[in-house]
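# Chain and residue survey
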Amino acid sequence: MSTPLITATELADALEGARPPRLLDCRARLDDPDAGHGLWWAAHLPGSVHLDLDRDLAAPPGQGGRHPLPSTAAFTATLQRLGITPELPVVVYDDMGGQLAAARAWWMIACWAGHPDVRLLDGGLKAWLGAGGELAEGDRSPLRPSDWTPVFDDTRRVDADQVFSGRALKVDARSRERFRGEAEPIDPVAGHIPGAVCRPSADNLTAEGRFKSPSRLAAELPEAEEAVAYCGSGVTACHTILAYAVAGRPLPRLYPGSWSEWIRDPARPVATGD
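Residues numbered from 1 in each chain as written. Predicted model: local features only at pLDDT ≥ 70, side-chain atom pairs only at ≥ 80, totals over all residues. Heavy atoms only, no water.

## Quick look at the overall build of the protein chain
- A count of helices and strands for the protein chain gives 10 helices and nine strands.
- Since a compact globule built from 274 residues should have a radius of gyration of about 19 Å, the 18 Å found for the protein chain is in line with a globular shape.
- When the backbone C-alpha atoms are referred to their principal axes, the protein chain occupies close to 55 × 40 × 30 Å.
- Counting every position in the protein chain, which comprises 274 residues, the buried fraction comes to 53%. (Helix = DSSP H or I, 4+ residues; strand = E, 2+ residues; numbered from the N terminus. Rg over C-alpha atoms; globule rule 2.2 N^0.38 Å. Buried < 20%, exposed > 50% of the residue type's maximum accessible area, 1.4 Å probe, protein only.)

## Quick notes on the sheet that holds strand E4 (residues 90-93)
- Pairing is parallel across the open sheet formed by five strands, whose spatial order is E1-E5-E4-E2-E3. Two strands bound the open sheet, and with one partner strand each, they are strand E1 (5-6) and strand E3 (49-50).
- Pairing of strand E2 (residues 22-25) with E4, which is carried by four bridges, proceeds in the parallel orientation. Its bridge partner lying in E4, Leu24 is registered against Val92. (Pairing = 2+ DSSP bridges.)

## Overview of the environment of Ser48
- Inspection of the secondary structure assignment puts Ser48 in the loop between helix H2 (35-42) and E3.
- For Ser48, a relative accessible area of 0% gives the class buried.
- Sequence spacing of Ser48 and Arg140 is 92 residues, and the spatial spacing of their C-alpha atoms is 8.5 Å.
- In terms of polar contacts, Ser48 uses its side chain to reach the backbone carbonyl oxygen of Leu45, at 2.8 Å. (Polar contact = N/O pair within 3.5 Å; in protein donor to acceptor, adjacent residues only side chain to side chain.)

## Details of the sheet that holds strand E6 (residues 169-172)
- Reading across from one edge, E7-E6-E8-E9 is the order of the four strands in this open sheet, with parallel pairing throughout. In this open sheet, the two edge strands, each paired with only one partner strand, are strand E7 (197-198) and strand E9 (253-254).
- Taken together, the four bridges between E6 and strand E8 (residues 227-230) define a ladder with parallel strand orientation. From the neighbouring strand, Lys170 faces E8, where its bridge partner is Val228.

## Considering the packing of helix H3 (residues 72-81) against helix H4 (residues 101-112)
- It is the contact of H3 with H4, at a shortest axis distance of 12 Å, that shows an interaxial angle of 100 degrees. Between H3 and H4, the crossing angle belongs to the class labelled roughly perpendicular. Each of Thr72, Phe75 and Leu79 in H3 lies in contact with H4, whose residues at this interface are Met108, Ile109 and Trp112.
- Looking at the contact of H3 with H4 residue by residue, the class counts come to five nonpolar, one polar and no charged. (Axes fitted to C-alpha atoms, helices over the stretch in contact; angles between N-to-C directions. Parallel < 35°, antiparallel > 145°, perpendicular 65-115°, else oblique. Contact = heavy atoms within 4.5 Å. Nonpolar A, V, L, I, M, F, W, Y, C, P; charged D, E, K, R; others polar.)

Following this line, the structure appears as structure tokens:
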């Protein structure tokens, strides 16, 4: 697979092909855990199933942060319920340019679980509608479950101790205001991990909500021999990792707990400003 992205036109062709992909609708709203499923139910790409940020792509919040990764057993059960196998292509999408749960799904299925063919719909729902794609409503017939047991690659992630002691460049995917500590709408402490650089996930996209070209991303993304991506809770950081993949650059590792876990230990340092 040459790119982790798929255009709306390419997706329409793939859905008519001999091996149509499994479509995963990853829409979510951080302030309403039930909103994503409601959006999917009301109108979604035909044949898609909903993949829930809070129930499928995260464990309950706690010491590991607001969106800790689920256990490998729990995520294996999710993949099996969705009928996913390595032989079945997967396409994920949302309505935020991939910045929320779609990029997280891409990282968990492709990078962590090792599925060989996972792509994100570039531009998401808006691009699909712009290309003349139709939408469906309501549920679909049950999926045939699979028996795939992924071999998870935990080298793709780091924990707080590794972030604290490691020399990797820390790339913060949150807004510059949150990075500088000027505003913090979600977490109880404002600021960033000392030594981090700010690269908001929104900067990976054009004004139309699609990923910038590989050459432009390669020129813009922070460069280091080793990098770790983090954000507020390990969700939009996956968009940063995806941007590196689009650019053809080595992928940063993910710090799943991110800022929401980092600040739970008062012994960990906090920085503000640029």
